[in-house]
Amino acid sequence: MNYRHAFHAGNPADVIKHAVFAFILAHMMQKDTPLRVVDTHAGTGRYDLTSDPAERTGEWVEGIGRLWGKDLPEPLAVFLDPYLDVVARLNPDGRLTHYPGSPEIARLMTRPIDGLTFCELHPEDSRTLASLFHAEKRAKVITLDGWLAPKAFLPPKEKRGLVLIDPPFERRGDYDRLAEALANGVRRFATGVFVLWYPVKDPLEVKRFHRMIADLAIPKCLTIEATWRVVDGQRLSGAGLVTVNAPYTLAPVIRAAGQLLWNALNVPAGRLLVSGDAS
């Protein structure tokens, strides 16, 4: 309940998470049939980069701040363009002052026929999110523990959907809860597209999480893991995403973009690893 994403919005972990989320969503928009986006830990939806929390940490400067307004090489642009297009729509005057959370990305990339379900337990953040979406009849904002979302909202009535499970990792056991949420989600909605976020800090915990995901033996499961410093167990050194039923183009696009992304972010030691099978 103490975690506030406003301090971290737009940092390198956000760049990779939101770029993957937007890339997948852009692919799903190619079909005419409606879909639903379910975001289990939604935050406030949009972040002011001139606010005190954002300026206090300055994390966005090393993330979106290093990509904004840059002429990117084509393999990197293929990966980042859907995401950067949303950021640009929030900053039409060319000044980078606002950053989209996953709810805002979902809203700006989807259509009137698509549904949006956002869960946020923090009462103040939930009120802020509800205010942002008050005019969107197709959006539901629920003050709910996001771990309950797979059981509560899957399968969606649209029968197509993208589920983002992006917990703050404040409590012990969140890696276990994340693996359990994926198992529950896929059991209820086998054809759904899932994106799970996890931090890379303790190497033993991350390896254990990888084993838990592997033991689920879920088809079309892909893991994308980014690290920008040595993983020492003391500080956040990277972040990972587990995807299920993602487009088959995702893995080759990320592999092609990998080193180019780190060059753009000015992270010489950065690594972007892709494992699993999305085909």
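Caption draft 1: Quick peek at the overall build of the protein. From N to C terminus, the protein includes 9 helices and 10 strands. Since a compact globule built from 279 residues should have a radius of gyration of about 19 Å, the 17 Å found for the protein is in line with a globular shape. Taking the principal axes of its C-alpha atoms as reference, the protein extends roughly 45 × 45 × 40 Å. Out of the 279 residues belonging to the protein, those deemed buried represent 54%. Put simply, 75% of the contacts in the protein that link residues at least 6 apart link residues at least 24 apart.

Caption draft 2: Seen up close, the pairing of strand β1 (residues 36-39). Because side chains alternate across β1, one face comprises the buried residues Arg36 and Val38, and the other comprises Val37 and Asp39, equally buried. Examined bridge by bridge, β1 and strand β4 (residues 115-119) share 4 bridges and lie parallel to one another. Across the sheet, Asp39 pairs through a bridge with Phe118, a residue of β4. Inspection of the sheet shows β1 paired to strand β6 (residues 161-165) by 4 bridges, in the parallel sense. Across the sheet, the residue bridging to Val38 is Val163, located in β6.

Caption draft 3: Spotlight on the packing of helix α1 (residues 12-28) against helix α9 (residues 250-265). Where α1 contacts α9, the axes come no closer than 13 Å and their chain directions differ by 145°. Two packed elements cross with a definite hand, and for α1 against α9 that hand is right-handed. Counted together, Ile16, Val20, Phe23 and Ile24 of α1 and Leu250, Val253, Ile254, Leu261 and Trp262 of α9 form the full contact between these two elements. Partitioned by chemical class, the residues of the contact of α1 with α9 number 9 nonpolar, no polar and no charged.

Caption draft 4: Looking closely at helix α4 (residues 102-109). For α4, a buried count of 7 out of 8 residues is recorded, marking the element as mostly surrounded by other parts of the structure. Looking at α4, one finds that the buried residues are Ser102, Pro103, Glu104, Ile105, Ala106, Arg107 and Met109.

Caption draft 5: Broad picture of the sheet that holds β4. If you walk across this open sheet you meet the 8 strands as β5-β4-β1-β6-β7-β9-β8-β10, and the pairing is mixed. A strand with exactly one partner marks an edge of an open sheet, and here the two such strands are β5 (139-142) and β10 (271-276). Neighbour-to-neighbour, the strand axes of the sheet open up by a mean angle of 10°, direction not taken into account. Bridge count for strand β7 (residues 193-200) against strand β9 (residues 238-244) is 7 bridges, and the pairing is antiparallel. Bridging across to β9, Trp197 finds its partner in Leu241.

Caption draft 6: Spatial organisation of unusual backbone geometry. Cis geometry marks the peptide bond from Leu154 to Pro155, where omega comes out at -5°. Position of Pro155 among the secondary structure elements: in the loop between α6 (149-153) and β6. Backbone geometry places Lys159, a non-glycine residue, at a positive phi of 65°. We note that Ala217 has phi near 50°; this positive angle belongs to a residue other than glycine. Following the sequence through the fold, Ala217 ends up in the loop between α8 (203-216) and β8 (221-227).

About the criteria used
- Residues numbered from 1 in each chain as written.
- Predicted model: local features only at pLDDT ≥ 70, side-chain atom pairs only at ≥ 80, totals over all residues.
- Heavy atoms only, no water.
- Helix = DSSP H or I, 4+ residues; strand = E, 2+ residues; numbered from the N terminus.
- Rg over C-alpha atoms; globule rule 2.2 N^0.38 Å.
- Buried < 20%, exposed > 50% of the residue type's maximum accessible area, 1.4 Å probe, protein only.
- Contact = heavy atoms within 4.5 Å.
- Pairing = 2+ DSSP bridges.
- Axes fitted to C-alpha atoms, helices over the stretch in contact; angles between N-to-C directions.
- Left-handed = near helix turned anticlockwise from the far one by under 90°.
- Nonpolar A, V, L, I, M, F, W, Y, C, P; charged D, E, K, R; others polar.

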